[in-house]
Amino acid sequence: MDALYELTVIIPTYREGENIGAMIQAVHEVLARSGIRGEILVVDDSSPDNTIPAVRALEADFPDLRLVVRTSDPGLSQSVVEGFSLARSPVILVMDADFSHPVGLVPRFLGEIRAGADIAIGSRYTEGGGTENWPLGRRVISWGATLLGRLLFPEVTDPVSGFFAVKREVVEGAPLRPRGYKILMEVLGKGTWRKAVEIPFVFRDRKAGASKLRGATILDYIGQVWDISLFAISRRRGAAWEEFGKALRFAIVGCTGILVNMGLLWLLTEGAGIYYLLSSIIAIEASIINNFVWNDRWTFGGDPAHQAKPFAHRIALFHAVSIGGAVINWLVLFALTEFGGIYYLLSNMAGILAGFIWNYLMNRNLTWRKG
Ligand SMILES: Nc1nc2c(ncn2[C@@H]2O[C@H](COP(=O)(O)OP(=O)(O)O)[C@@H](O)[C@H]2O)c(=O)[nH]1
Ligand SMILES: [Mg+2]
């Protein structure tokens, strides 16, 4: 390909007449000051306001500025993906037009990619990041979306950020199915990448105009997470697939723990004649140790980064988490049976599932958290 530029800055716009002119100037200035050969690609969805004339007015002064006006299938993600295909550089950056994403950080994104990252993500949820003046409702929605996304990509603190840079080859040929607002999730789920790094930033209130975030985007997003999960399972590779593998191995180990617990309880009680409640304490501890060893060596053993904590911390945390899981199992059993009128063996299945989710997430993100 023609490496005409080092970097393409994609700015999707809809009704950004009040911002886009100043935005282009600011981006251009930062690129020039940092000596980056960059193009600015504005992808607009036929805004009825002043956006298009405002960009056209600058085209004469900025030869590295391009405007694409889309006329069908409007949408933020669709616009960004169209921008990917039009970019004439090995690195692509995406940012909003409304000054929510600090323009001054653009060179750092390129720097991270040059230093070996496949994806550089502007994060609001890592140390040093944040959001300014967000109402509670918006914070809750964003928090929920982030949490759901982190089930697939636990290493990424802000998988729904709209401020990110990628190597072109990450998205080239990827079967992206753009819809809704969360294009980064699609890139993480369907793109080809190994290393993602995060750059903290504070999301500022838009400078002018109104947000286009709507309720339907929440359903879009849930559908997207589902779609990415199916994709990961069908392809059997990628970050999300590796996470599924860990959860599955963790579940298998959990089943071996049940066998150890039952077997030892029977052996100690029947064979050694120990009082059954005392046998049970030994059997439970043996099953916890069994599970710890298998999870340490097998479930999370493939990647040494999971063993960032010292062995003694890992085994202590695993015990603490297991006790929490048992309490959750017991509480669900109690509540569903007593107040829900559900048959106790069925209640217990719900309890086991709740305990499993707790155990897995806590151990994944605490005991075996990557260093
Ligand atoms: N091309 C295009 N851009 C859009 C669309 N919706 C929003 N944008 C742009 O995407 C960026 C983020 O949108 P915004 O409304 O600020 O969302 P918020 O920051 O999450 O409230 C801005 O640059 C918008 O102009 C759309 O349907 N098409
Ligand atoms: Mg905005």
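Along each chain, numbering runs from 1 in the same order as the chain's sequence is written. Following the order in which they are written, the chains are lettered starting with A and the ligands numbered starting with 1. In keeping with the predicted nature of the model, local features appear solely for residues at pLDDT of at least 70, side-chain atom pairs appear and are counted solely at 80 or more, and the whole-chain, interface and lining totals rest on all residues. Hydrogens and water molecules were not included; the side-chain quantities draw on all heavy atoms of the structure.

(A) Layout of the overall build of the protein chain. Summing up its helical and strand segments, the protein chain has twelve helices and nine strands in all. C-alpha extents for the protein chain along the principal axes are approximately 90 × 45 × 35 Å. Contacts between residues were defined by any pair of non-hydrogen atoms, one from each residue, lying within 4.5 Å. Pairs at least 24 residues apart make up 77% of the contacts formed inside the protein chain by residues separated by at least 6 positions. Accessible surface is estimated by sampling points in the Shrake-Rupley manner with a 1.4 Å probe; for residues, cover comes only from the protein chains shown. Looking at the protein chain as shown, the accessible area adds up to about 18500 Å², and 63% of this sits on carbon and sulfur atoms. Here the protein chain holds 37 positive side-chain charges and 36 negative ones, and the gap between their average locations is 3 Å. Helix and strand assignments follow DSSP, with helices taken as H or I runs no shorter than four residues and strands as E runs no shorter than two, numbered in order from the N terminus. Within this scheme the basic residues Lys and Arg register as positive and the acidic residues Asp and Glu register as negative, but His and the chain ends are omitted. Every charge is mapped to an atom, namely NZ of Lys, CZ of Arg, CG of Asp or CD of Glu.

(B) Structural detail: the pattern of salt bridges. When a carboxyl oxygen of Asp or Glu lies within 4 Å of a side-chain nitrogen of Lys or Arg, that pair is called a salt bridge. With the rule as written, the count across this model stands at 20 salt bridges. Among the salt bridges present, the one from Glu16 reaches Arg206, with a minimum N-O distance of 3.0 Å. Linking Glu16 in the loop between strand E1 (7-13) and helix H1 (20-33) with Arg206 in the loop between strand E9 (202-203) and helix H8 (216-235), this pair joins segments that are 190 residues apart in sequence. Per-residue accessibility, obtained with a 1.4 Å probe over protein chains only, is compared with the maximum for each type, and a residue is labelled buried under 20%, exposed over 50%, and partly exposed between these values. Classification of Glu16 by relative accessible area gives buried; the value is 4%.

(C) Quick look at the domain arrangement of the protein chain. Taken domain by domain, the protein chain consists of domain 1 (7-234) and domain 2 (240-367). Taken over C-alpha atoms, the centre of domain 1 sits 41 Å from the centre of domain 2. Here the quantity called buried area is the accessible surface, traced with a 1.4 Å probe, that two parts lose on coming together, added over both. Between domain 1 and domain 2, a total of about 700 Å² is buried, with carbon and sulfur atoms accounting for 67% of that surface. If you sort the residues of domain 1 by the area they bury against domain 2, Leu152, Pro154 and Ala232 come out on top, with a joint share of 49%. At the junction of domain 1 and domain 2, the tally comes to one salt bridge. Measuring nitrogen to oxygen at the nearest pair gives 2.7 Å for the salt bridge that ties Glu155 to Arg364. Polar contacts here mean pairs of N or O atoms no more than 3.5 Å apart (in protein, one a potential hydrogen donor and the other a potential acceptor; neighbouring residues in sequence count only if both atoms are side-chain atoms). At the surface where domain 1 touches domain 2, the tally comes to one residue pair in polar contact (both at pLDDT 80 or more). Within the residue set of the side of domain 1 that touches domain 2, elements represented by two or more residues are helix H5 (136-152) and H8. Ranked by residue count, the leading element in the side of domain 1 that touches domain 2 is H8, at three residues. Each residue gets one of three labels, nonpolar for Ala, Val, Leu, Ile, Met, Phe, Trp, Tyr, Cys and Pro, charged for Asp, Glu, Lys and Arg, and polar for the others, Gly among them. The residue inventory of the side of domain 1 that touches domain 2, partitioned by class, reads six nonpolar, one polar and two charged. Boundaries of every domain are those given by an automatic assignment or by a domain database.

(D) Spatial organisation of the pairing of E1. Burial analysis of E1 places seven of its seven residues in the buried class, which makes it a mostly covered element. In E1, alternate side chains face the same way, and those of Leu7, Val9, Ile11 and Thr13 on one face and Thr8, Ile10 and Pro12 on the other are all buried. A pair of strands is treated as paired once DSSP finds two or more bridges between them. Bridge count between E1 and strand E2 (residues 38-44): seven bridges; the pairing is parallel. Looking at E2, one finds that Leu7 is bridged to Gly38. Assessed by its sense of winding, the connection that carries the chain from E1 through H1 to E2 is right-handed. When E1 meets strand E4 (residues 91-94), the two strands line up parallel, connected through four bridges. Pairing of Thr8 across the sheet is with Ile92, part of E4. Consider the strands pointing away from the viewer: the crossover is right-handed when the path from the first strand over the helix to the second runs clockwise.

(E) Representation of the site of ligand 1. In the neighbourhood of ligand 1, 18 residues make up the surrounding shell, with Glu16, Asp45, Asp98, Arg206 and Ser211 lying closest. Contacts to ligand 1 include Pro12, whose backbone N or O atom sits 2.8 Å from an oxygen atom. Taking Arg206, its side chain carries an N or O atom lying 2.6 Å from an oxygen atom of ligand 1. Looking at the shell around ligand 1, the elements that each hand over two or more residues are E1 and helix H3 (76-86). Among the residues making up the shell around ligand 1, the classes are represented as seven nonpolar, four polar and seven charged. We call a residue near a molecule or strand as soon as one heavy atom of that residue lies within 4 Å of the molecule or strand.

(F) Here's a closer look at the pairing of E4. Neither face of E4 is left uncovered, since the one carrying Val91 and Leu93 and the one carrying Ile92 and Val94 both have all their residues buried. Where E4 lies against strand E7 (residues 164-167), four bridges are found, and the strand directions are antiparallel. The residue bridging Leu93 from the neighbouring strand is Ala165, located in E7.

(G) Fine view of helix H7 (residues 183-190). H7 sits mainly inside the fold: eight of its eight residues count as buried. Within H7 the residues assigned to the buried category are Ile183, Leu184, Met185, Glu186, Val187, Leu188, Gly189 and Lys190.

(H) Spotlight on the side chain of Asn295. Looking at the secondary structure, you find Asn295 in helix H10 (residues 276-299). Those residues in contact with Asn295 that lie beyond four places of it in its chain are Phe250, Val253, Phe300, Gly301, Phe318 and Trp368.

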